[in-house]
Amino acid sequence: MREHALVLLRRGETNRSVAERLGIPRGTVGWWRHEDRKRRGETYVAPTDCPICTGRQFDLPAYAYLLGLYLGDGHIISKLKQHHLSVFCDASWTGLIDAAEDSMHRVMPMPRVSRRQRQGCVEVKSYSHRWTCLFPQHGPGKKHERRIVLEDWQQEIADAHPWEFLRGLIHSDGCRITNWTTRIVGGVPKRYEYPRYFFTNKSDDIRRLCTDTLTKVGVRWTVLARGGDPFNVSVARKESVALMDAHIGPKR
């Protein structure tokens, strides 16, 4: 049976198809393939559709959005037996969860994507060690404790698709809220409500990427310091909020 399986594998059949045809565990077929390659001196290179490694064209708007998500609530695990990109999404924003998964598929369709329910959030994971090629900002430590600079090719994508990049940033570390204030009109206090966008991140570099892009698309912003920490980027002017609503809108 082993020799029969190896003949099928050498013809190009997958581990799954051979296991199903012969009625044996897929892990057994995988081990036989590994031992056969080792005995024959073959070097196995895992297939990949990484745009950086293969030079293939890929979905640039989807990448700009995913880049924003990664800089906000994403990280990469790159260890001996663990390789995946994770983006953490608030469990209440089901549309955001779908968008995160869709963007991963659009950038690299081959890797498996899964969702893991955690307390109050959902972790969207794509399994490939090639994500470090697409996000060279990956490194040890927290993002706000190290330098974050885009590569030239990443900056070109963000410049070409600024609203997708901003949408990813806002969907990760931003929000659209309704502020209110009171004014005295005719001697009577009246309550006024108005929408406002916030982007909050401890990294000076990531906030600068956000504010530079806002400026490029004509959005006026200010820094709102709370407790002496300038972590909040605020967009409150009526015309700028309208521009953000037209291209981003509230999370869903």
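Look up: the structure comes first, before these words.
One structure accompanies this document, and this report is about it. Note that this is a predicted model, so its numbers are computed, not measured. (Residues numbered from 1 in each chain as written. Predicted model: local features only at pLDDT ≥ 70, side-chain atom pairs only at ≥ 80, totals over all residues. Heavy atoms only, no water.)

This next bit is on the sheet that holds strand S5 (residues 174–185). Strand order in this open sheet of 4 strands is S5-S6-S8-S7, and the pairing throughout is antiparallel. Two strands bound the open sheet, and with one partner strand each, they are S5 and strand S7 (222–226). Looking at each pair of strands side by side, their axes are set apart by 45° on average, direction ignored. Pairing of strand S6 (residues 188–200) with strand S8 (residues 229–235) involves 4 bridges; the strand directions are antiparallel. Counted as the bridge partner of threonine 200 is asparagine 232 from S8. Strand contacts of helix H9 (residues 162–173): S5 and S6, with the helix running at about 110° to S6, the strand carrying the most contacts. (Pairing = 2+ DSSP bridges. Helix = DSSP H or I, 4+ residues; strand = E, 2+ residues; numbered from the N terminus. Axes fitted to C-alpha atoms, helices over the stretch in contact; angles between N-to-C directions. Contact = heavy atoms within 4.5 Å.)

Strands pair in a sheet through their backbones, by hydrogen bonds, and they do so in one of two ways: parallel or antiparallel. Here 4 strands make up an open sheet; going across it, the order is S1-S2-S4-S3 and the pairing antiparallel. Two strands bound the open sheet, and with one partner strand each, they are strand S1 (74–78) and strand S3 (113–118). Ignoring which end each strand starts from, the neighbouring axes of this sheet average 25° apart. Relative to strand S4 (residues 121–126), strand S2 (residues 83–90) is paired through 6 bridges, and the arrangement is antiparallel. Within S4, the residue paired with leucine 85 across the bridge is serine 126.

Next up on the list: the nonpolar core. In terms of nonpolar packing, the biggest core is built from 49 residues, with Leu66, Leu71, Val107, Trp131, Phe135 and Met244 touching the most fellow members. Ranked by residue count, the leading element in this core is helix H5 (residues 60–73), at 9 residues. Of all hydrophobic cores here, the second largest spans 10 residues; its members include Leu6, Ala19, Leu22 and Val29. (Core = buried A, V, L, I, M, F, W, Y, C linked by side-chain atoms within 4.5 Å. Buried < 20%, exposed > 50% of the residue type's maximum accessible area, 1.4 Å probe, protein only.)

Oppositely charged side chains can form a pair if their charged atoms are brought close together. For the coordinates displayed, the defined rule picks out 14 salt bridges. Salt-bridge contacts for aspartate 245 lead to arginine 176; the nearest nitrogen and oxygen are separated by 2.8 Å. Here the residue aspartate 245 occupies a position in helix H11 (residues 238–247), and arginine 176 occupies one in strand S5, the gap between them amounting to 69 residues. Here arginine 207 ties to aspartate 204 by a salt bridge, and the two come within 2.5 Å at their closest N and O atoms. One end of the pair is arginine 207 and the other is aspartate 204, both in helix H10 (residues 204–216) and 3 residues apart, which spans about a single turn. The exposure class of arginine 207 is buried, given its relative accessible area of 9%. One continuous salt-bridge network, built from bridges that share partners, spans Arg10, Asp36, Arg39 and Arg40. (Salt bridge = Lys/Arg side-chain N within 4 Å of Asp/Glu carboxyl O.)

Attention now moves to the side chain of serine 240. Assignment of secondary structure puts serine 240 in helix H11. In this structure, serine 240 is in contact with Gly218, Val219, Arg220 and Val235, ignoring residues within four places of it in sequence.

For the rest of this paragraph, the subject is the pairing of S8. Relative to S8, S7 runs antiparallel, the two being bridged by 4 bridges. Opposite valine 223, over in S8, you have valine 233 as the bridge partner.

Attention shifts here to helix H1 (residues 2–10). Every buried residue of H1 is accounted for by Ala5, Leu6, Leu8 and Leu9. Viewed end-on, H1 has its buried residues packed into an arc of 160°, placing them on one side of the element. Buried residues along H1 sit against helix H2 (15–22) and helix H3 (26–40). Directly after H1, the chain includes glycine 12, whose backbone phi takes a positive value near 110°. (Arc of directions from axis to C-beta.)

Moving on, we get to the packing of aromatic side chains. Under the counting rule described, the total for this entry stands at 5 aromatic pairs. Between phenylalanine 58 and tyrosine 63, the aromatic rings sit 5.9 Å apart at their centres with planes inclined by 85°, giving edge-to-face as the arrangement. Considering the side-chain rings of tyrosine 63 and tryptophan 153, the 5.6 Å spacing of their centres and the 35° angle between planes classify their relative orientation as tilted. Taken together, the residues span a long stretch of sequence, with tyrosine 63 in helix H5 and tryptophan 153 in helix H8 (residues 152–160) at a distance of 90 residues. For tyrosine 63, a relative accessible area of 0% corresponds to the buried category. For tryptophan 153, a relative accessible area of 26% puts it in the partly exposed group. An aromatic cluster is built from Phe58, Tyr63, Tyr70, Trp131, Phe135 and Trp153, whose rings are joined through pairwise contacts. In this arrangement the basic side chain of arginine 112 is found over the ring face of tyrosine 127, its NZ or CZ atom lying 4.2 Å from the centre. The ring of tyrosine 192 has arginine 183 sitting right over it, with the charged end atom 5.3 Å from the ring centre. (Phe/Tyr/Trp six-rings, centres within 6.5 Å; stacked < 30°, edge-to-face > 60°. Lys NZ or Arg CZ within 6 Å of the ring centre and 35° of its normal.)

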